[in-house]
Structure formats: structure tokens, C-alpha cells
Protein chains: 2
Amino acid sequence: MPVGTLGSVKGISQDVLEELGVQILLGNTYHLYLRPGVETIRKIGGLHRFMSWDRAILTDSGGFQVFSLTHLRRVSEEGAAFRSHLDGSAHFLSPEKSMEIQIGLGADVIMAFDECTEYPADAQRTRNSMELTLRWAERCKKYFEEHKHEVPWANQKVRAMPDHTQTLFGIVQGGMNRDLRRESAEHTIEIGFPGYAIGGLSVGEPRDLTREIVESTLEHLPEEKPRYLMGVGTPEEIAQYAQSGVDMMDCVLPTRAARHGLLFTSEGKISIKQARYAQDESALDPACDCRVCERYSRAYLRHLYAANELLAQVLNTVHNLHYYLATMRTVRAWIRAGGGSGATDVPDVKSAYRP
Amino acid sequence: MPVGTLGSVKGISQDVLEELGVQILLGNTYHLYLRPGVETIRKIGGLHRFMSWDRAILTDSGGFQVFSLTHLRRVSEEGAAFRSHLDGSAHFLSPEKSMEIQIGLGADVIMAFDECTEYPADAQRTRNSMELTLRWAERCKKYFEEHKHEVPWANQKVRAMPDHTQTLFGIVQGGMNRDLRRESAEHTIEIGFPGYAIGGLSVGEPRDLTREIVESTLEHLPEEKPRYLMGVGTPEEIAQYAQSGVDMMDCVLPTRAARHGLLFTSEGKISIKQARYAQDESALDPACDCRVCERYSRAYLRHLYAANELLAQVLNTVHNLHYYLATMRTVRAWIRAGGGSGATDVPDVKSAYRP
């Protein structure tokens, strides 16, 4: 899932996203709650209509941003009080409030409000945090079941499916402790959700540890329901996690790296700002068939980046999104060909680029 | 002509420019000379190939930017010494140097190196400046005739026309003095160019004065050759100048205004940042058929602008370019229907937006 923080994948029009084959976008509840505010989006009929996007959307719970972007926050049993990173104004998010906002935004998949445990954290702190997330998950489910009919597109043709409502996913926490992860998974499953996410990773821990925790947690999550690993990763990691049994991932890496001139290619990463590309007439990735690689040279892309031209960010983002989406198409083909959970090989994410 | 200062119309990919119907772009010699430098572009085969743009390009002479952007400049008979606005490095532009650079960039139409007389300026200063521009025009023509075969795409298929070379336009100066303008026009015609530009306007003078000088200068320029008014204007001014007999114009207004949230519509100008649009579900211009107006609401565009999203600049620019290009299509239709120099009516630039 490409990240469209504020209802836009930075610099890319929705028709380009469609052409690239994006099937689902992630929107950030925290950011959309602050700007333009949930009431604006709710009144217009939800985020799909607001941003003119008919395909799927997932919103996160806002928890991760509250814990990573804000200061002066205070977490209690009730929820999290915090100050906006924009203007310092005071706000409060709770399981119920996060559900209310996410129902108002109207994404197809919404996420339970969780506490993202900091890294490192000791065993007691990790347990307390994990248990708080479980109690919050119950409150989320309760509020959601009672209010899901309030989604702004209920009974509207725009997302017409009989009895179609949003889908609420639970989130497994438990820090870097395998036993706490198992306990979190088991109790989250007891509460019962149509999909499960693994949260609280990519928070500064070593990559090997991320992998170990993901794999041990997956063992406790049902294979027949979507398993969503939040906030990863590189194209190679995506392939590895898919091989481990992860079904969904989101990451700002393709879009954020693009805006910093870091481009993913079938020959490895390229930092387009380097002077070595100033006269390089070849395509960014000669094996790539995206609009950028088919039309522009490395020399032009390097110039746009060096001159701080807006178009650099646009073109770099188009290419990186194409690369990630091609990676996911390879993963899907690999699954259809018999891969997936239990397979021992890893999808070859560069196979799409070989003749 | 939309302005593509550094070899890019800010934020807009060339395929979108083609779709919008852009036939010719303006590139700024001063900016391209500094970044990426003429050698980079020359070696790659010229600006068309560098930026992957097969349609026409015009480059200005660099003179206007030297006189408006740089400091510590010193103008002599030989040329203009100045320091870069980027890093303060020392440079020198002369008629010969400007030609050499513009031949290296390889635009279809290139401009003589002129001195843009400041406003206000007294009669003697204006005469001296105008006469300097005339002597520079002769030197430009001489250098161009001797070196035009050095254009990087000479004999290349990419711009294949037998004996096709660049076209050099002369520029009329003379400040706000009608007699000096006439004298400048007559002597520039004596030197002889395939097209003539009116420079030195839109430099701070009142709009009525601009109009008066343009109209009096046009009387002395041959109708059968392209007459190019540099650096104007609003859509209404474009229609007025077309009615006066101007054939070509360039302006940063549609693109620069777009990046500041100022949008041209058939109902007048809109400042999309205004809170009144926060809940406005209507199209930016309900009468417009551009991709932006067909897909997005004012509420969404207002949100993108208020949240400082990159996409705001992209979408606003697409719309404003569409509006300007629709204006020019109306002007062309008006000319084909019998308008043009001598006509007393003015093209109705909003007619394209009426059913």
C-alpha cells in the first residue's frame, strides 16, 4: 500500500495512481484528523469521494503518529492526550474517538487504536502496554459494531455493495518478546477480527529482530485471514515477508526515498543526485517500462533533482511506486504458482525485469 | 508559451504537456547556462533531447535575467559581467556568448541578446540603451550566421528537416518612448530577422502604458512576420494583444500563480486557499473540461493547498495551463474566422466555456 498521508500520494494525481495499478492506499488518521478534519471529509461522503478515489483505502488508527510525532502526550487507560505537531493545540484520542474518526473517514479497512510500544522497553512495560492495547481493542470492536452503520457512504451507490460496511482489523503488540507477541495474538483472536496486523515493529530495532518477531508472531495468526505487517519495507524485505506469510504491507519508503532522490532499480538503489549521472543518457532503469524510464534519461532526472525542480519529486515517485507495484505483482504471481506460506523459496522480485 | 525555466514546466511531466496541447515551450538561457550548463545539454544533443520534448522550444537571450536577478553587474559595449544569483560566481554574457549558448541549447527559436532598459529611465539613457541593443543585434546576427551549423541536432534525424536550422529573432527596445521604439523597430528591421520581439515591457510601468507602447511599436513591425510580445500577460491581455496583432506571447503567470493557489476560471480568478472552499464540492471551474476540473472538487484542492501538499502545485498548474491554452485556441479560432490585425472586436476568451 502506497502511503497517502493527507489524502494524496505526494505529487501524484489519482489518475496516475490508477495507471500504475495501485489497488489500495493508506491514509493517516492522525494527519487527516488535523487537516482537513474529519467533519469536512464526513460531510462530503468520506475519503474516497473527497479525494476522488474509487479503489480501496485503509486508514491507520492514529496511534503510531501520536506516539512518534507529538510531544507532551499523556497516555491513560482512557486514551492518549497530546498536542498537535502543527500548532501545539490539545487533542485526545481514545479507542472510541479513533473509531469515530475512522468511521467518518470511511476507509474500507480501519485499524484498532493501539499503543505502539517504544523500543527498547523492559518486560513489565512491554506487558502493560500490550495488555492496554488488548483492552483498547475490545473497546474499538464494541464501538465499531455499534456505530459502523454511520459510515458516510452507507446506502450510497458510490461504494455499492449490499450491507457493505468497513472492516476493522486488530493489531498485535508485545514488543520484541516472542511470548508476549503470542499472548497478544491469542487474545486479539479471542476478541475476533476479520484481519490481523503486526504493529510495533520498525521502531528502531535491528532488522534481524524484526524478522524474528514477525515470523514467530505469524505462527499464532490464522492463515485464512489477512495478515498485515505495518510499516515495512524494502523490496527485498517485502518478498521475504510474503514468503513468511504476510499478506499486506505499507511503507513510506518508495515515496519518501523518491523525494530524496533514492531510486529503486533492477540493478540496485541509485542516488540520482550523484554527479556521475550528469551526462548519463541511459534510462534510470533500462529494464523498467514505467513512463519515467521510457521517456527520460538519468542526466535529466539528475538535473531536475540538483536544480530542486518539482518535477524531480513527481517523476522519482512515479518510478519508485512502479518498482514497488511490480515487486508486488511478482509476489502475487509467485503465490499463484504455488508459493506462499510454507514455501521455502523467496519470490524473485527482480524476475519482472528479465527478458 | 508556458515557461519551462530549467527545462521543465514546474511539476508537470512532458506527456501531460502534450496532452494539454502545448505546442511550444520557453526555456531560460540564463538559468540553463547556470544549471545544468550548456555543455551538458549540447553533448546530449540539445534541449529537446535532454528534456525529451519533440515540439518547439524558444529560448530567451539571458539578458532579462541578468538585469533582473543578478547583482554587481557591469554593462559595457562588450557585454554584461554579473554574478550568479545562486552562488555569486562571476560570469560574462555578450551577444556572441549568448548566441553560442543558445546554439548549444538548440531551441527552435532563439533571441538576440539585448539590454532590457530599466523603468523609469530618462530619454538619453533610454536612447543609449536602445542603440546598444541595436549594435548587439548586429553582432548576434553575425555570430549566428557564422555558427548556426553548430547546433547539436544539425543533420540528426531527431529534428529532421533539410537544411533546418534555428531561427533568430530580433528584439525592439526603446523604453516608454514611442519615437525611440519606432527608431529601434526600423533599425532592427534593417538588420533583418525572420521574427521580431517587443522587449523591455512589463518592467513596472502602468498597464495602459504597456498597451500604448505595444500598439505604437506594432505599427512599425511587418505583419507578415511573427511579432512576439515578451512576458505578458493575463488571459484578457492576451486576447487584447492578439487583437492588436501580436502573434506570440510568453508568461510565467499561469504556472507561478498556480503555485500560489491563484486559479483562472471562466467565472474569474479564484484564490483556492480561501476557507469558503473548504466544503465546496463543485469543480474548480464547472465549465472546464480539464482533468482537474473533471475529477476534483474545490474542497479537495483547497485542502491540498492548505496542507502544503505537492499535488496542489501539480493540479493547479495543470488547470491554469489548460485555461491559457484554451484562451489561445479561442484566439486562433477568432483569427481563422476573420479576426486579426485590423479587426475591431476582441476575441471572447470565455467563449470556449459556454455551451
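Residues numbered from 1 in each chain as written. Chains lettered and ligands numbered in written order. Predicted model: local features only at pLDDT ≥ 70, side-chain atom pairs only at ≥ 80, totals over all residues.

### Section: the nonpolar core
Definition in use: Core membership is restricted to buried Ala, Val, Leu, Ile, Met, Phe, Trp, Tyr and Cys residues, and these are joined into a nonpolar core through C-beta atoms within 7 Å. Around each residue's C-beta, the other C-beta atoms within 10 Å are counted; 20 or more make the residue buried, 12 or fewer make it exposed, and counts in between make it partly exposed. All C-beta atoms are placed from the backbone. By the criterion used throughout, residues are in contact when their C-beta atoms, derived from the backbone, lie within 7 Å.
Counting 212 residues, the largest nonpolar core has Phe169(A) and Phe169(B) as its most contacted members. The contact partners of Phe169(B), leaving out residues within four places of it in the chain, are Val109(B), Met111(B), Ala112(B), Phe193(B), Gly195(B), Tyr196(B), Ala197(B) and Tyr228(B).

### Here we look at the sheet that holds strand E9 (residues 227–229) of chain B
Residues and elements named next belong to chain B. Test applied: One bridge is not enough; two strands pair if DSSP finds at least two bridges between them. Starting at the N terminus, helices and strands are each numbered in turn, a helix being any DSSP run of H or I of at least four residues and a strand any DSSP run of E of at least two. Interaxial angles span 0 to 180 degrees and are taken between N-to-C directions of axes, which are lines fitted to C-alpha atoms, for helices over the stretch in contact.
One open sheet holds the 7 strands; their spatial order is E1-E2-E6-E7-E8-E9-E10, and the pairing between them is parallel. One side of each edge strand has no neighbouring strand; the edge strands of this open sheet are strand E1 (24–27) and strand E10 (248–249). Pairing geometry for E9 and E10, over 2 bridges, is parallel. Bridge pairing links Tyr228 to Met248 in E10. In the packing of helix H8 (residues 178–191) onto the sheet, contacts are made with strand E7 (167–172) and strand E8 (196–198), and the angle to E7 comes to roughly 155 degrees.

### Considering unusual backbone geometry
In this model, Arg35(A) is joined to Pro36(A) through a cis peptide bond whose omega is 5 degrees. Looking at where Pro36(A) falls in the secondary structure, it is placed in the loop between helix H2 (29–34) and helix H3 (38–44). Residues Tyr119(B) and Pro120(B) are joined by a peptide bond in cis, for which omega reads -5 degrees. Checked against the element boundaries, Pro120(B) lands in the loop between strand E6 (109–111) and helix H7 (123–147).

### Thoughts on the packing of helix H10 (residues 235–244) of chain A against helix H14 (residues 310–336) of chain A
Residue and element names in this part refer to chain A. Operational definition: Comment on the angle field: the value is read as roughly parallel under 35 degrees, roughly antiparallel over 145, roughly perpendicular from 65 to 115, and oblique elsewhere. With the far helix as reference, a near helix turned anticlockwise by less than a right angle produces a left-handed crossing, and one turned clockwise produces a right-handed crossing.
Contact geometry for H10 and H14: axes closest at 10 Å, N-to-C directions at 20 degrees. Taken together, the axes of H10 and H14 lie roughly parallel to each other. Seen from above, H10 lies across H14 with right-handed handedness. Every residue of H14 that contacts H10 at Pro235, Ile238, Ala239 and Ala242 is listed here: Tyr323, Tyr324, Thr327 and Val331.

### Here we look at the sheet that holds strand E8 (residues 196–198) of chain A
Residue and element names in this part refer to chain A. In space, the 7 strands of this open sheet follow the order E1-E2-E6-E7-E8-E9-E10, with parallel pairing throughout. The open sheet is flanked by strand E1 (24–27) and strand E10 (248–249), the only strands paired with a single partner. The sheet contact formed by E8 and strand E9 (residues 227–229) spans 3 bridges and is parallel. Note on E9: the bridge partner recorded for Tyr196 is Arg227.

### A few points about the interface of chain B and chain A
Bring the parts together and some accessible area is lost; that lost area is often taken as the interface size. To keep it simple, the criterion reads: Ten residues, namely Ala, Val, Leu, Ile, Met, Phe, Trp, Tyr, Cys and Pro, are considered nonpolar, four, namely Asp, Glu, Lys and Arg, are considered charged, and the remaining ones, Gly among them, are considered polar.
With 35 residues of chain B at the interface, the matching set in chain A holds 35 residues. Looking at the side of chain B that touches chain A, the elements that each hand over two or more residues are helix H1 (14–20), helix H3 (38–44), helix H4 (47–51), helix H12 (291–295), helix H13 (298–306) and helix H14 (310–336) of chain B. Its residues placed into classes, the side of chain B that touches chain A shows 17 nonpolar, 10 polar and 8 charged.

### Looking at the pairing of strand E11 (residues 262–265) of chain B
Bridge analysis of E11(B) against strand E12 (residues 268–271) of chain B gives 4 bridges, and the strand direction is antiparallel. Residue pairing for E12(B): Phe264(B) is matched across the bridge by Lys269(B).

### Concerning the domain arrangement of chain A
Residue and element names in this part refer to chain A. We count it as follows: Domain segmentation is taken from an automatic or database assignment of domains.
What the domain assignment lists for chain A is domain 1 (14–251) and domain 2 (256–346). Here the C-alpha centroids of domain 1 and domain 2 sit 28 Å apart. Contacts between the two partners involve 12 residues from domain 1, matched on the other side by 13 residues from domain 2. Among the elements of the structure, helix H1 (14–20) and H10 are those that each provide at least two residues to the side of domain 1 that touches domain 2. With 6 residues, the top contributor of residues to the side of domain 1 that touches domain 2 is H10.

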